[in-house]
Amino acid sequence: MFKEKNLSPRQLALFTALVLSVPIGIGFFAFGGHSWREAIVSCVVICAGSYALILYIIQRFIYRKLKLIYKFIYQTKASKKQETYYKYILPQKSIDEVREDVEAWGKQKRREIELLKRNETFRKEFLQNLSHEFKTPVFAIQGYIETLLQGAMDEHEMAERFLKKAQRNVERLSHLIQDLDEISRLERGELKLHRSNFVIQDLVREVYESLSLLAEPMRITLQIKKGCEAPLNVWADQEKIRQVLINLVDNAVKYGRQNGNVTASLYNTDGQNILVEISDDGMGIPESALGRIFERFYRTPAGRGRDITGSGLGLAICKHIIEAHGHNIHVRSTEDVGTTIGFTLASREAERTRKP
Ligand SMILES: Nc1ncnc2c1ncn2[C@@H]1O[C@H](COP(=O)(O)OP(=O)(O)O)[C@@H](O)[C@H]1O
Ligand SMILES: [Mg+2]
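All values reported here derive from a predicted model rather than from experimental measurement.

J.: Where do I start with a positive patch on the surface in this structure?
T.: On the surface, Arg60, Arg64, Lys65, Lys67, Lys71 and Lys87 cluster together into a positively charged patch. Broken down by element, the positive patch gets its largest block of residues, five residues, from helix α2 (residues 36-74). The residue Lys87 is located in helix α3 (residues 80-89) in this model.

Now the structure itself:
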């Protein structure tokens, strides 16, 4: 009728009382010379008495302690609801159910501790990276200023060279601070998307326009792939997507090759999603680094050598923005062949069908 393992305190008391009283009643009848009436009465009296006693002992010595354990687990002063729980529900629970509750609590605590530990490692790495990123330009600036003060200032050409180098490092610091500011805002969850409908090709052209000065010295052509010109409407935060495209095109130029090409391809994949890809024919990314480029501060050694003003935060920012739109960003690359970084966005049709 009931599983022995899952007995509630009342069932346990009744079970034990019966185990005690029935043999005693039989003993009274068989060996004590009592009538069967007397045997039954004594059996009932013993059963009732031991039931009450056992239940009292269980309640007093075990369930009161369990109540304390529950109070400790929930770490709160008992609310009305909990008082009801302790009074009516807890006494119904078997010891096994209590064990399950405690185990579940233990598991939850373990998860919380793991999360705290992970955050701690994350924080340490972040600080380490941050100090490293700041140290390099600040020491460089310090070096140039010292050299200038030690006499280089008197030679006009040399002074100008050092000042230009110092200026590049100040630029790097300023980029770093801007990116840090941006990523910390994103990570605090303050990213509010202001979605609208716009034609993605128009935005790509605007971004190309704004970065044309960067591409010119390397004679890199910024283009939209043939066959991808038909306007595609997307439903997204235009300014945030502009920021993503600027980052991707900026990377494609910085890590691109002299006289190379940067190509944007735009496809409507299934009526619901628009795929945007920015490809270059530059230095590429080693396979071992492909999984890491979206991490904060990660830069490949070759990339670091090529561009001193980067912060390694650009792609981390892009990833945040695309994921906030509920989409993904991905990379394909081969060293010395080129890189393609792509992401999807909702098409205007997807937005139309979503609304009832
Ligand atoms: N188009 C690309 N070609 C080659 N390497 C790239 C490209 N885009 C990104 N990377 C690599 O990924 C790293 C991270 O990019 P990002 O977060 O934008 O940082 P940053 O541009 O400041 O270096 C770069 O330092 C570079 O090593
Ligand atoms: Mg970048």
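J.: Looking at this structure, I do not really get the environment of Lys319. What am I missing?
T.: With respect to the secondary-structure elements, Lys319 resides in helix α10 (residues 314-324). Spatially, the C-alpha atoms of Lys319 and Val244 are 8.5 Å apart, while their sequence positions differ by 75 residues. Leaving out residues up to four positions away in the same chain, Lys319 has contacts with Phe294 and Ile329.

J.: Just to check I follow, could you spell out the nonpolar core for this structure?
T.: Side chains of nonpolar character tend, in soluble globular proteins, to be buried together. With 53 residues, the main nonpolar core has Ile200, Ile241, Leu245 and Phe343 as its most contacted residues. Setting aside chain neighbours within four positions, we find Leu245 in contact with Ile200, Leu203, Val204, Val207, Val276, Ile278 and Phe343. Membership of the second largest hydrophobic core comes to eleven residues, among which are Leu55, Tyr70, Tyr86 and Val98.

J.: So what exactly am I meant to see when it comes to the pairing of strand β5 (residues 273-280) here?
T.: The two faces of the sheet receive side chains in turn, since in a regular strand these alternate between them. Burial runs high along β5: seven of the eight residues are buried. Inspection of the sheet shows strand β4 (residues 261-268) paired to β5 by seven bridges, in the antiparallel sense. Following the sheet pairing, Asn268 is matched in β5 by Ile274. Between the end of β4 and the start of β5, which pair antiparallel, lie four residues, with Gly271 showing a positive phi angle near 85 degrees. Across eight bridges, β5 lies against strand β7 (residues 338-346) in antiparallel orientation. Paired with Leu275 across the strands is Thr344, a residue of β7.

Calculation rules
- Residues numbered from 1 in each chain as written.
- Chains lettered and ligands numbered in written order.
- Predicted model: local features only at pLDDT ≥ 70, side-chain atom pairs only at ≥ 80, totals over all residues.
- Heavy atoms only, no water.
- Patch = residues over 30% accessible without salt bridge, like charges linked within 9 Å, V, L, I, M, F, W, Y side chains within 5 Å.
- Areas by Shrake-Rupley, 256 points an atom, 1.4 Å probe, with all protein chains shown as cover.
- Salt bridge = Lys/Arg side-chain N within 4 Å of Asp/Glu carboxyl O.
- Lys, Arg positive; Asp, Glu negative; His and termini not counted.
- Charge placed at Lys NZ, Arg CZ, Asp CG, Glu CD.
- Helix = DSSP H or I, 4+ residues; strand = E, 2+ residues; numbered from the N terminus.
- Contact = heavy atoms within 4.5 Å.
- Core = buried A, V, L, I, M, F, W, Y, C linked by side-chain atoms within 4.5 Å.
- Buried < 20%, exposed > 50% of the residue type's maximum accessible area, 1.4 Å probe, protein only.
- Pairing = 2+ DSSP bridges.

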